[in-house]
Amino acid sequence: DTAVSQTPKYLVTQMGNDKSIKCEQNLGHDTMYWYKQDSKKFLKIMFSYNNKELIINETVPNRFSPKSPDKAHLNLHINSLELGDSAVYFCASSATGRETQYFGPGTRLLVL
Amino acid sequence: KNEVEQSPQNLTAQEGEFITINCSYSVGISALHWLQQHPGGGIVSLFMLSSGKKKHGRLIATINIQEKHSSLHITASHPRDSAVYICAVNRGSTLGRLYFGRGTQLTVWP
């Protein structure tokens, strides 16, 4: 009965590879987010979708492409991974854009 | 300079002590959030407030809109309160967009 789930939990990969992270929420929320937490634990918004429409697209390299097949899912695809992409990526959701956000457990990405 | 500043960056306390973490912001906001990140990495929302004060168990959050300042208080602190506490604000101009402080690492010793 996990509210916001992410897969995988850990991802170790080589530079140059392409990888995807999946997020699903079963809370019936309309808005979903991707955040990046750097090595100093600073969180920053990457993308947000409301009812499958992209509403926030932060200054993120275009190697990162989010996809929302439906309101309950928001995936993140990363092309040509670089060392600097190593971070923890959190998915979150909220009922609307002005409510409490519920976070997934995070995906720890390590690029070697 | 970050729109959201927290202090202190690190805080160590003895079990039972009263804890205060401060958050100041420099932009107009529609709401302020306090989040807790456990040592295991999970993030939990503690409070969302736009005015006044909220209380949940031993946690109290206050906000002063005029002074652009919020505090998170923990009464009778316990080692299980050890975590990173993060302040974040909704600027209101973009739906759901949160701006985060850099967090306060709290360690409570028994």
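Everything quoted here is computed from the prediction, not taken from an experiment.

## Let's talk about the overall build of chain B
Here comes step 1: Each helix and strand counted, chain B has zero helices and 11 strands in total.
Here comes step 2: Reading chain B from its N terminus to its C terminus gives the helix and strand order β-β-β-β-β-β-β-β-β-β-β.
Here comes step 3: The C-alpha atoms of chain B give a radius of gyration of 13 Å, which matches the 13 Å a tight globule of 110 residues would have.
Here comes step 4: Along the longest, intermediate and shortest principal axes, the C-alpha atoms of chain B span 45 × 25 × 20 Å.
Here comes step 5: Surface summary for chain B: the accessible area is close to 5,100 Å², and the carbon and sulfur share equals 50%.
Here comes step 6: Taking the average location of the 10 positive side-chain charges in chain B and that of its 6 negative ones, the two points are 9 Å from each other.

## What to know about the pairing of strand β4 (residues 31–37) of chain A
Residues and elements named next belong to chain A.
Here comes step 1: Counting buried residues in β4 gives six out of seven residues, a clear majority hidden from the surface.
Here comes step 2: Here β4 pairs with strand β5 (residues 43–50) via seven bridges, running antiparallel. For threonine 31, the partnering residue across the bridge sits in β5 and is asparagine 50.

## Observations regarding the interface of chain B and chain A
Here comes step 1: Taken residue by residue, the interface counts 20 residues in chain B and 20 residues in chain A.
Here comes step 2: One salt bridge in this structure joins Glu58(A) and Arg97(B), with 2.2 Å as the shortest N-O distance.
Here comes step 3: Put simply, chain B and chain A have three residue pairs in polar contact (both at pLDDT 80 or more) between them.
Here comes step 4: Where the side of chain B that touches chain A is concerned, the elements lending two or more residues are β4 (31–37), β5 (43–49), β9 (83–90) and β10 (98–100) of chain B.
Here comes step 5: Residue composition of the side of chain B that touches chain A, grouped by class: seven nonpolar, 11 polar and two charged.

## What about the packing of aromatic side chains?
Here comes step 1: According to the stated counting rule, one finds five aromatic pairs over all chains in the structure shown.
Here comes step 2: An angle of 90 degrees between the planes, with centres 5.3 Å apart, marks the rings of Tyr35(A) and Phe100(B) as edge-to-face. On the criterion of chain membership, the pair formed by Tyr35(A) in strand β4 and Phe100(B) in strand β10 is interchain, its members lying in two chains. Here Tyr35(A) matches Phe100(B) in class, with each residue buried.

## Some thoughts on the confidence of the model for chain B
Here comes step 1: In the predicted model, chain B carries a mean pLDDT of 93, and the fraction of residues at 70 or more is 95%.
Here comes step 2: Averaged pLDDT values for the elements of chain B fall to 90 in β10(B) and rise to 98 in strand β8 (residues 69–74) of chain B.

## Quick notes on the sheet that holds strand β3 (residues 19–25) of chain A
Residue and element names in this part refer to chain A.
Here comes step 1: The strand order β1-β3-β8-β7 describes an open sheet built from four strands, whose pairing is antiparallel. Edge positions in the sheet fall to β1 (4–7) and β7 (64–70), since each has one partner strand and no second. Within the sheet, the average angular offset between the axes of one strand and its neighbour, ignoring direction, is 20 degrees.
Here comes step 2: Relative to β3, β1 runs antiparallel, the two being bridged by four bridges. Each bridged residue has a counterpart across the sheet, and for threonine 7 the counterpart in β3 is lysine 22.

What counts and what doesn't
Residues numbered from 1 in each chain as written. Chains lettered and ligands numbered in written order. Predicted model: local features only at pLDDT ≥ 70, side-chain atom pairs only at ≥ 80, totals over all residues. Heavy atoms only, no water. Helix = DSSP H or I, 4+ residues; strand = E, 2+ residues; numbered from the N terminus. Rg over C-alpha atoms; globule rule 2.2 N^0.38 Å. Areas by Shrake-Rupley, 256 points an atom, 1.4 Å probe, with all protein chains shown as cover. Lys, Arg positive; Asp, Glu negative; His and termini not counted. Charge placed at Lys NZ, Arg CZ, Asp CG, Glu CD. Buried < 20%, exposed > 50% of the residue type's maximum accessible area, 1.4 Å probe, protein only. Pairing = 2+ DSSP bridges. Contact = heavy atoms within 4.5 Å. Salt bridge = Lys/Arg side-chain N within 4 Å of Asp/Glu carboxyl O. Polar contact = N/O pair within 3.5 Å; in protein donor to acceptor, adjacent residues only side chain to side chain. Nonpolar A, V, L, I, M, F, W, Y, C, P; charged D, E, K, R; others polar. Phe/Tyr/Trp six-rings, centres within 6.5 Å; stacked < 30°, edge-to-face > 60°. pLDDT = per-residue confidence, 0-100. Axes fitted to C-alpha atoms, helices over the stretch in contact; angles between N-to-C directions.

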